[in-house]
Amino acid sequence: MDISFRLFSERLRRVLAGEEVMLSDAAKQPIHNLNAEVEIVTSWLREFEYDISCLLFQKIAEEEIDDPDLATVMHKINCFTYESEKVIDTYINSITQQKSQSRYNKDICDALQRLQSRITEIKQRVQQLKHIDPEIMDNFRSVEAESGYFPASSSSKNRNTVGLDDRMEELLDLLIEGPTQLSVVAILDSIGLDKTAFTAEAYNSSYVKHYFDYLAWIPAPYQYDPDQLLDVVTVILLPFSMLSKIKDKDYEMKKVILGEYLMTKRYLIVLDDVWSADVLDAIQEILPDNQNGSRVLITLTLIEMVTSFQFENGENVRLDIVPTRGPLRVSYQGWPFLILYHGSISLEQNIEEAIEGPMGRLTVISCKLPFRLKPCFLYLSVFPAHLEISTRQLYQLWIAEGFIPDNSEATAEKYLEQLINRGFVDARRRRAGGTINTCSVRGRCRPALLTVAIEAEFIFLSFMVSERKSKKNVKRINVFDKQSDFVHFVDDDSHMHSLLYFTSKSDHLDPIDWGIICLMLEFLRVLDLGSLVLIQYPSGIENLFLLRYLKLNIPSLKILPSSLLSNLLNLYTLDMPFSYIDHTADEFWKMNKLRHLNFGSITLPAHPGKYCGSLENLNFISALHPCCCTEDILGRLPNLRNLRIRGDLSYNQSLLSKSLCRLSCLESLKLANESKMPRLSKIVLAEYLFPHGLTHLSFSNTDLMDDPMPALEKLPLLQVLKLKQNSYSGRKLNCGSDGFPNLKVLHLKSMLWLEEWTMGIGAMPKLECLIINPCAYLKKMPEQLRCIKSLNKFDCWWPQPELRQKLREFEDKEQCGIQLFPYGI
């Protein structure tokens, strides 16, 4: 409940340090005075951290509040924070727009003095607070102590989870090969299986996407009232053009319109984390059965609901007869159900061991997280449950929101690792070097996450419109799955800091909605419109002066205009992955705070020379056109760590080979060739001067004629090397003695004609992972591989019969993790 206030305290320090805007001395003094009072209140609140956590838990549990004085003070603090942010944002906007300083200085001083009076009053109230009754606090602490890091300490990590591929195949068969009648597949919560992640994998599979015409993941928590649930379903399923037509219709008419729309469509609806049979009653009443194989996929958290299902003879299901493998075919009020339980223990044992009261314990742990982790964890609620979250995007969002004190991706990853260690988050995929690539909230933790985030007024979710939830004091909105009417989410007093949009389809953004964003959400810091397509460059975006994170989908954009670059000087992240920029205005070099630049392709301008310096904060670019990789441009990116270059590398051979060494901090380099005549490649790696600090290097479509190994094996810190599709067209690879001293990962892909591979003594002594795909003509593996004791993963695709047999007879086959693909060859 104190999150926004403490984040505001951090922000005041940044403002005074000149990180957001250069303040005049006259303006600094009242802000300094306000900051001094805020710091005092913040220090007092730290002493009441347990009390505040206990208060939040009591509000969530709808219990009687033991300390109404604390509740009153926290409400006053939240209102104060909201108004204070508005005053500071308005002032920074006025400075950025270079409006009349004398008038705005007086206005801001008056507003700040009023705020200082309010915070002084709050300070006096805080100093009079008393701690909650010690007995109540002891009970709260005991629940926390008993829970520990509940999800991580559960026995799920020790349970047998083999055969997951078989389970997924079984689930896909039930969804696709089952009866034509509308039926439900229910996955029971079980030790050893994250039901949400398991369901999401099926939902995102290519088989499901090709078979069903419409897919919808209905975000939890669910309304048990059919009328309200129907509103959520129609917003997600119906096209945007139909929403305005049904907005004022009654329940029966909405149901008729939805049924007519779905009449000829095969659909899959997912309801994750169902706790009540009332949801089943409501969804059964809403959805039409078109006898075309449509499905509802649910996950049941309250397993006792199974006892309300019946067999064909009318007998109710008992927990002790639910099998641990294979579907149990039952019905619920005539609706066919297929129950899947994949636990390694009986269902009754499963309930006793893991399901009893997890929500309360997880909520306690969520409330009591250290402050450095709490906003980072609650922010995960903005992502849909079925989404694998890109850590690169997540870190940039955390930084833009002000959650990471030093604005460092390394610190952000450390925080994520701590959330993983505490059992709240799963690392879904890791990069070749071991860093986390994607993550997701653990299914059992998500209800507690949403509950705490909503009650703490941290986030407003799009489905909450139907619940008439208040948006006052909430600064973050996210919209799921379907373009919704933005008028629902904003009002005349809207002071939103973040608007994020998640959709599985590339809908076009209505120009009216864009006008609402620019006109009514002028204080936005984060704007992520996901895959919503903008037809052209949106006018008015240059007026969102406070933006720190901007992600747009504008395929037609070819020029980055000066108005955007000169006005959005607070940008940390500029992400337009579907835009291919041929020309960038010179004002690009004024964006001193820019850290992350992501485009389909971008050409940077030559440095104008005056009034601009180097971009010292920029550490990531994808994808840079090679024509602008001059020594002067790259030399002005001194802290660039990740770079992808995409374009005609052969034509720019002389330019690239000499300039890359200017990037002294570069760690990861990806070279993607797009030559007009790829088979006439003139790329010569021997001429390249690579930065000595490179740890990750990959090539694609380079069609190298010469063996790349002699040029690369001397890189002293290289850990990951990927030679991807059409990177090398030769028949021999030779790694010299003692070459690649620190290489851990080697991918050799699409080397269709590779016949011979040799390694000298002591080469690749630290190699852990080797992937060769395919190796149709490779006759044998280097003998030196047998001497590498660190090798624990070796995937080999389409080996010759002779090589296949040698690998099968390899004496350390299991230790080296040798796998032959496709399976069964």
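About the criteria used
- Residues numbered from 1 in each chain as written.
- Predicted model: local features only at pLDDT ≥ 70, side-chain atom pairs only at ≥ 80, totals over all residues.
- Heavy atoms only, no water.
- Helix = DSSP H or I, 4+ residues; strand = E, 2+ residues; numbered from the N terminus.
- Salt bridge = Lys/Arg side-chain N within 4 Å of Asp/Glu carboxyl O.
- Buried < 20%, exposed > 50% of the residue type's maximum accessible area, 1.4 Å probe, protein only.
- Pairing = 2+ DSSP bridges.
- pLDDT = per-residue confidence, 0-100.
- Contact = heavy atoms within 4.5 Å.

## Some remarks on unusual backbone geometry
As a rule of thumb, non-glycine residues mostly have phi less than zero, and peptide bonds are mostly trans rather than cis. Here the bond from Ser622 into Ala623 is cis, since omega is -5°, no more than 30 degrees from zero. Mapped onto the secondary structure, Ala623 falls in strand S19 (residues 620–624). Residue Asn773 is joined to Pro774 through a cis peptide bond whose omega torsion reads -10°. Summarising the element assignment, Pro774 is placed in the loop between strand S27 (769–773) and strand S28 (793–797). Phi is positive for Asn701, close to 60°, though the residue is something other than glycine. In this structure, Asn701 sits in the loop between strand S22 (696–700) and helix H25 (709–712). Within the chain, Trp798 stands out as a residue other than glycine whose phi angle is a positive 55°. Checked against the element boundaries, Trp798 lands in the loop between S28 and helix H26 (801–808).

## Focus: the pattern of salt bridges
Evaluated as defined, the whole model comprises 26 salt bridges. Two residues, Arg525 and Asp89, come together in a salt bridge whose shortest N-O distance is 3.8 Å. Here Arg525 is found in the loop between helix H21 (511–520) and strand S13 (526–533), whereas its partner Asp89 is found in helix H4 (residues 68–96), with 436 residues between them in sequence. Each member of the pair, Arg525 together with Asp89, is buried. Here Arg731 ties to Glu755 by a salt bridge, and the two come within 2.9 Å at their closest N and O atoms. Linking Arg731 in the loop between strand S23 (720–723) and strand S24 (732–735) with Glu755 in the loop between strand S25 (745–749) and strand S26 (756–759), this pair joins segments that are 24 residues apart in sequence. For Arg731, a relative accessible area of 44% gives the class partly exposed.

## Some points on the sheet that holds strand S7 (residues 389–390)
Backbone hydrogen bonds are what pair the strands of a sheet, in a parallel or an antiparallel way. Spatially, 3 strands are ordered S7-S9-S8 in an open sheet, and the strand pairing comes out antiparallel. Each having just a single partner strand, S7 and strand S8 (425–430) make up the two edges of the open sheet. Note that S7 and strand S9 (residues 436–441) share 2 bridges and pair antiparallel. What sits directly across from Ser390, in S9, is Thr438.

## Details of the confidence of the model for the protein chain
Across the protein chain, pLDDT averages 84, with 87% of residues at or above 70. Mean pLDDT across the secondary structure elements of the protein chain bottoms out at helix H7 (residues 150–153), with 41, and peaks at strand S18 (residues 596–602), with 97. This model gives residues 149–164 a pLDDT under 50, and the stretch forms 37 contacts once residues within four places in sequence are excluded.

## Remarks on the pairing of S8
Bridge count between S8 and S9: 5 bridges; the pairing is antiparallel. Bridge assignment links Val425 to a residue of S9, and that residue is Val441. In this antiparallel pair of consecutive strands, S8 and S9, the connection spans 5 residues, and Gly434 shows a positive phi of 105°.

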